[in-house]
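The primary structure of each chain is shown beneath.
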Amino acid sequence: MAGRLIYLIGPSGSGKDSLLDAAREALAARDCRIVRRVITRSAEAKGEAAQAVSVEGFEALQAQGAFALSWSANGLHYGIPKEIDQWLADGHDVLVNGSRGHLPQARLRYPSLWVVLLTVDQGVLRERLLSRARESAEDIETRLARNAQFADDLQVSDPSLIVLDNSGALEQTVARLLQRLERAPACA
Ligand SMILES: Nc1ncnc2c1ncn2[C@@H]1O[C@H](COP(=O)(O)OP(=O)(O)OP(=O)(O)O)[C@@H](O)[C@H]1O
Ligand SMILES: O=P(O)(O)OC[C@H]1O[C@H](OP(=O)(O)O)[C@H](O)[C@@H]1O
């Protein structure tokens, strides 16, 4: 049976990378693989251990068909390596750090996609982005403003969404993620 593709989304700073890092071992024990993204972010930038490439390098990979999913946001390009299709076909669950903006396209390509939406109080979000200090204050404001675009589109009441609030302790969010993935029936 094919594995599940789990697509983790949420505002910049909501804790997607932190959640993936904290849940990494437990997910691996459940045969769920976390994809390493390809991003046109400088290798020195703090945060996620992604593969950093130049814009030219990214475009070359895209032209070669190296990505299962790819999108642009926040002035960066993001790619999900095509190897996930083999992992899924082999029956492994796969967890992707996704994009809210790319969700419609991701659903078209993977109709049985599982969507996990990470939320956080807006005030907490601003504080976390500022203390992470990966972006400039101006870029942080741009990222916060981007959230408004998705407020109406993402229906938190949609029962097909797994909504996790990460305003509190990360350990609680990890526990809830594992619980929700455990309870949920396997995808066809
Ligand atoms: N539950 C939590 N409690 C306290 N701090 C947290 C929690 N979750 C994440 N953080 C902190 O918030 C900041 C943002 O988290 P993280 O980088 O994981 O977010 P992200 O959603 O991956 O953001 P981006 O999409 O911009 O990469 C980090 O400094 C992280 O340490
Ligand atoms: O705003 P939306 O479309 O949800 O996401 C856009 C992209 O921005 C974030 O990446 P990062 O903050 O650069 O690591 C997300 O992980 C996503 O890939």
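What you see is a predicted model; the values in this text were computed from it and never measured.

1. Structural notes on the site of ligand 2
So, step 1. Taken together, 18 residues sit near ligand 2, with Arg41, Tyr78, Ser99, Arg143 and Arg146 positioned nearest.
So, step 2. Separating an oxygen atom of ligand 2 from a backbone N or O atom of Gly101 is a distance of 3.1 Å.
So, step 3. Burial of ligand 2 by the surrounding chains reaches 97%, relative to a free accessible area of 440 Å².
So, step 4. Among the cavities detected, the one that contains ligand 2 is the largest pocket.
So, step 5. Counting only elements with at least two residues in the shell around ligand 2, the list comes to strand E5 (67-73), strand E6 (76-81) and helix H6 (137-151).
So, step 6. Counted by class, the shell around ligand 2 contains five nonpolar, six polar and seven charged residues.

2. Brief notes about the packing of aromatic side chains
So, step 1. Applying the stated criterion across every chain, the model contains two aromatic pairs.
So, step 2. Taking 5.7 Å as the distance between ring centres and 15° as the angle between the ring planes, the aromatic pair formed by Trp71 and Tyr78 counts as stacked.
So, step 3. The exposure class assigned to Trp71 is buried, which follows from its relative accessible area of 8%.
So, step 4. The ring of Trp114 is capped by Arg4, whose NZ or CZ atom sits 5.0 Å from the centre of that ring.
So, step 5. Just above the ring of Trp87 sits the side chain of Arg33; from NZ or CZ to the centre is 5.1 Å.

3. Section: the site of ligand 1
So, step 1. Every one of the 16 residues lining ligand 1 counts as a neighbour, but Ser12, Lys16, Ser18, Arg132 and Gly168 are closest to it.
So, step 2. Leu170 places a polar main-chain atom, nitrogen or oxygen, 3.2 Å from a nitrogen atom of ligand 1.
So, step 3. Coverage of ligand 1 by the protein chains reaches 77% of its 630 Å² of free accessible surface.
So, step 4. Among the detected pockets, ligand 1 sits in the largest pocket.
So, step 5. Contributions of two or more residues to the shell around ligand 1 are made by helix H1 (16-29) and helix H5 (122-132).
So, step 6. Considering every element that reaches the shell around ligand 1, the biggest residue donor is H1, with three residues.

Cut-offs applied
- Residues numbered from 1 in each chain as written.
- Chains lettered and ligands numbered in written order.
- Predicted model: local features only at pLDDT ≥ 70, side-chain atom pairs only at ≥ 80, totals over all residues.
- Heavy atoms only, no water.
- Near = heavy atom within 4 Å.
- Polar contact = N/O pair within 3.5 Å; in protein donor to acceptor, adjacent residues only side chain to side chain.
- Areas by Shrake-Rupley, 256 points an atom, 1.4 Å probe, with all protein chains shown as cover.
- 1 Å grid on protein atoms, 1.4 Å probe; cavity = no way out; pocket = protein on both sides within 12 Å on 5 of 7 lines; lining within 4 Å.
- Sits in = over half its atoms within 2 Å of the grid points.
- Helix = DSSP H or I, 4+ residues; strand = E, 2+ residues; numbered from the N terminus.
- Nonpolar A, V, L, I, M, F, W, Y, C, P; charged D, E, K, R; others polar.
- Phe/Tyr/Trp six-rings, centres within 6.5 Å; stacked < 30°, edge-to-face > 60°.
- Buried < 20%, exposed > 50% of the residue type's maximum accessible area, 1.4 Å probe, protein only.
- Lys NZ or Arg CZ within 6 Å of the ring centre and 35° of its normal.

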